[in-house]
Amino acid sequence: MMIESRRTRAHLDVTLILLVSGLSLFGVLAIAVATYSTSSDPSASLLSHIVSSTSAMRQCLFLLLSPVIISVMLNVPYDFIRRKAPLVYALATFLVLFTLVTNGAQGVKAWTDLIWGYTIQPSEFIKLALILMLARTLARYDRPMSNMKQFIQLMVMVGIPGVIILASGEMGSLLVIVFIFAVMLYFSGTPFKVLLSLAAAGAISIFLLVALMMASGSDSYRLQRILAFIDPSAYALGDAYQQTHSKICIGSGGVWGKGMFVDGTWSQLDFVPADWTDFIFATIGEAWGFVGCTVVLLTYLAIILRMMYLAYNTRDKYGMLVIIGVMSMMLFHVFENIGMTLGLMPITGIPLPFLSYGGSNMVTNMGGIALVLNVTKNRSLTSAAVSTPQRSAMLKYYRGKL
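Rules used in this analysis
- Residues numbered from 1 in each chain as written.
- Predicted model: local features only at pLDDT ≥ 70, side-chain atom pairs only at ≥ 80, totals over all residues.
- Heavy atoms only, no water.
- Helix = DSSP H or I, 4+ residues; strand = E, 2+ residues; numbered from the N terminus.
- Buried < 20%, exposed > 50% of the residue type's maximum accessible area, 1.4 Å probe, protein only.
- Contact = heavy atoms within 4.5 Å.
- Areas by Shrake-Rupley, 256 points an atom, 1.4 Å probe, with all protein chains shown as cover.
- Core = buried A, V, L, I, M, F, W, Y, C linked by side-chain atoms within 4.5 Å.
- Salt bridge = Lys/Arg side-chain N within 4 Å of Asp/Glu carboxyl O.
- pLDDT = per-residue confidence, 0-100.
- 1 Å grid on protein atoms, 1.4 Å probe; cavity = no way out; pocket = protein on both sides within 12 Å on 5 of 7 lines; lining within 4 Å.
- Points joined across faces, edges and corners; volume = space filled by probe spheres on them.
- Nonpolar A, V, L, I, M, F, W, Y, C, P; charged D, E, K, R; others polar.
- Polar contact = N/O pair within 3.5 Å; in protein donor to acceptor, adjacent residues only side chain to side chain.
- Patch = residues over 30% accessible without salt bridge, like charges linked within 9 Å, V, L, I, M, F, W, Y side chains within 5 Å.
- Expected span 1.5 Å × (residues − 1).
- Axes fitted to C-alpha atoms, helices over the stretch in contact; angles between N-to-C directions.
- Parallel < 35°, antiparallel > 145°, perpendicular 65-115°, else oblique.
- Left-handed = near helix turned anticlockwise from the far one by under 90°.

Enquirer: Kindly report on the overall build of the protein chain, identifying the contributing residues and their values.
Expert: Along the protein chain, the regular secondary structure elements total 16 helices and two strands. Looking at the protein chain as a whole, 49% of its 402 residues are labelled buried. Partitioning the intrachain contacts of the protein chain with sequence separation of at least 6 by distance along the chain shows that 75% fall at a separation of at least 24. Surface accessibility of the protein chain: about 18500 Å² in total, with carbon and sulfur atoms responsible for 70%.

Dropping the structure here:
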């Protein structure tokens, strides 16, 4: 009989909760700094600055919802989440489709109005729904995509929301779900030749799509962003304006930063558009400098490594894949968002987890953390359903992957 170790026992992972909570609280402060205006009093108290910022106060409201989300998710039976994954997937897909059909805006059709000026972005929720559905499906197979039936099933599962999101104009969210899919396939035991074939097909498709847009003389914002990324100097006053000023803003912070709520900074003078949402890292770089950016990056690294550690010590394949899915979602968000603020990646409109302003993003990320905590809390229940030889074999295989 396999003995429960300290690392594999069921528990509420306080370390992960503390890391995420600290980062989220810092996010409220960063948003207040980013929205500091020329009419504000620089000598006011920290609390006054936060209260005077509408975006910071709204982020506080989103943050206050986090304990509720986590508490509810922790009390949902683990097996119930597994069984209801298809329903969650169907509802999230319908919500994304409904937003696309009813949204009359031009260009990106990703948001739907609620009340009191609040909006939601359903494409954020589809990420968690897809993680649950993929984990449920992949956990059934020893080597997923080893036959045509499994291949079609999984491609359709990812393809349906992917096509809707693409039609909505959200290339960033599409890239996220593709990355989640790829990482979960790898850790589920998918044959390497299948992964290599999918990667090659994806690369060729992207190349052909960009070549087609350039050959047809398309003026789509997607192509303009790609061209601006390749040659920012040629688009310095256009599509590369935001990214160019973001790099200047981060560099101006130096080692220790210029400080919070300082008159005459790039953040205060609004030289960086959306510096409280997608480009919040630019504000962090200017206000807290290289040291502040390093602390933020190390905190993200600690969160990612913590989830890898929890996945490594989770015996149940479904639970392990749920953690891997959430980890991959956050990893891509962090990599792409910080990369685009530094000019290392094209602009895609992907927010920075726990720091960027946005209710849908906060709810999705906290929901993902809640799923991870649910898995670790119910480890004894999930491992009980697997025989000792199976547990030993699974542990050996997935530790090799991780």
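Enquirer: Outline the nonpolar core, listing residues and values.
Expert: Formed by 98 residues in total, the largest nonpolar core has its most connected members in Leu 16, Leu 134, Met 184 and Met 307. Once you skip the residues sitting within four places of it in the chain, Leu 16 turns out to touch Ile 303, Arg 306, Met 307, Leu 310, Ile 369, Val 372 and Leu 373.

Enquirer: Describe the pattern of salt bridges, and please don't skip the residues or the numbers.
Expert: Pairing between side chains of opposite charge can happen when their charged atoms approach one another. Counted by the stated rule, this structure contains six salt bridges. For Arg 83, the salt bridge identified is with Asp 79, shortest N-O distance 3.0 Å. With Arg 83 and Asp 79 both in helix α4 (residues 78-83) and four residues apart, this pair spans about one turn of that helix. For Arg 83, a relative accessible area of 45% puts it in the partly exposed group. Residue classification places Asp 79 among the partly exposed positions, given a relative accessible area of 39%.

Enquirer: Tell me about the confidence of the model for the protein chain, and please be specific about residues and values.
Expert: The predicted coordinates ought not to be read in detail in places where the model reports low pLDDT. On average, the protein chain scores 84 in pLDDT, and the residues at 70 or more come to 84%. Segment residues 383-395 is flagged for pLDDT under 50; beyond a separation of four residues in sequence, or across chains, it makes 16 contacts in the model.

Enquirer: Any details on the side chain of Gln 59? Residues and values, ideally.
Expert: Its place among the elements puts Gln 59 in helix α3 (residues 54-74). Residue classification places Gln 59 among the buried positions, given a relative accessible area of 0%. If near-sequence neighbours (up to four positions away) are discounted, Gln 59 is found in contact with Val 28, Ile 31, Phe 354, Leu 355, Ser 356, Tyr 357, Gly 358 and Met 362.

Enquirer: Outline the layout of surface pockets, listing residues and values.
Expert: Its volume calculated, the second largest pocket comes out at about 430 Å³. Considering the residues around the second largest pocket, the lining is formed by 18 residues, among which Met 73, Val 88, Phe 125, Leu 128 and Leu 132 are closest to the centre. Elements with a contribution of two residues or more to the lining of the second largest pocket: α3, α4, α5 (85-102), α6 (122-138) and α14 (359-377). Considered class by class, the residues forming the lining of the second largest pocket number 15 nonpolar, two polar and one charged.

Enquirer: Could you give me a rundown of the side chain of Asn 378, with the residues and numbers involved?
Expert: Structurally, Asn 378 can be placed in the loop between α14 and α15 (379-383). A polar atom in the side chain of Asn 378 sits 2.7 Å from the backbone oxygen of Asn 374.

Enquirer: So what's going on with empty space enclosed by the protein? Which residues, and what values?
Expert: Enumeration according to the criterion identifies six cavities of 30 Å³ or more in this entry. Along its surface, the largest cavity is lined by Val 33, Tyr 36, Gly 259, Phe 261, Val 262, Thr 265, Ser 267, Gln 268, Glu 286 and Ala 287. Split into classes, the residues belonging to the lining of the largest cavity amount to five nonpolar, four polar and one charged.

Enquirer: Quick one: what's the story with a nonpolar patch on the surface, residue by residue and with numbers?
Expert: On the surface, Met 148, Ile 152, Val 156 and Ile 160 cluster together to form a nonpolar patch covering roughly 380 Å² of accessible area. Locating Ile 160 in the fold gives a position in helix α7 (residues 148-167). Residue classification places Ile 160 among the partly exposed residues on the basis of a relative accessible area of 43%.

Enquirer: Can you lay out helix α1 (residues 14-34) for me, pointing to particular residues and giving the numbers?
Expert: Each full turn of the α-helix corresponds to 3.6 residues, which orients residues three or four apart in the same direction. Between its terminal C-alpha atoms α1 stretches 30 Å, which fits the 30 Å expected from 21 residues at 1.5 Å a residue. Among the residues making up α1, those that are buried are Leu 16, Val 20, Leu 23, Ser 24, Gly 27, Val 28, Leu 29, Ala 30, Ile 31, Ala 32, Val 33 and Ala 34.

Enquirer: Can you tell me about the packing of α5 against α7, naming the residues and giving the values?
Expert: Packed helix pairs are specified by the crossing angle of their axes together with the interaxial distance, meaning the distance between the axes. Close contact between α5 and α7 brings their axes to 9 Å; oriented N to C, the two are set at 20°. Judged by the angle between their axes, α5 and α7 are roughly parallel. Considering only the axes of α5 and α7, their crossing is left-handed. From α5, Tyr 89, Thr 93, Val 96, Leu 97 and Leu 100 reach across to α7, where they touch Val 156, Met 157, Ile 160, Pro 161, Ile 164, Ile 165 and Ala 167. Residue composition of the contact of α5 with α7, grouped by class: 11 nonpolar, one polar and no charged.

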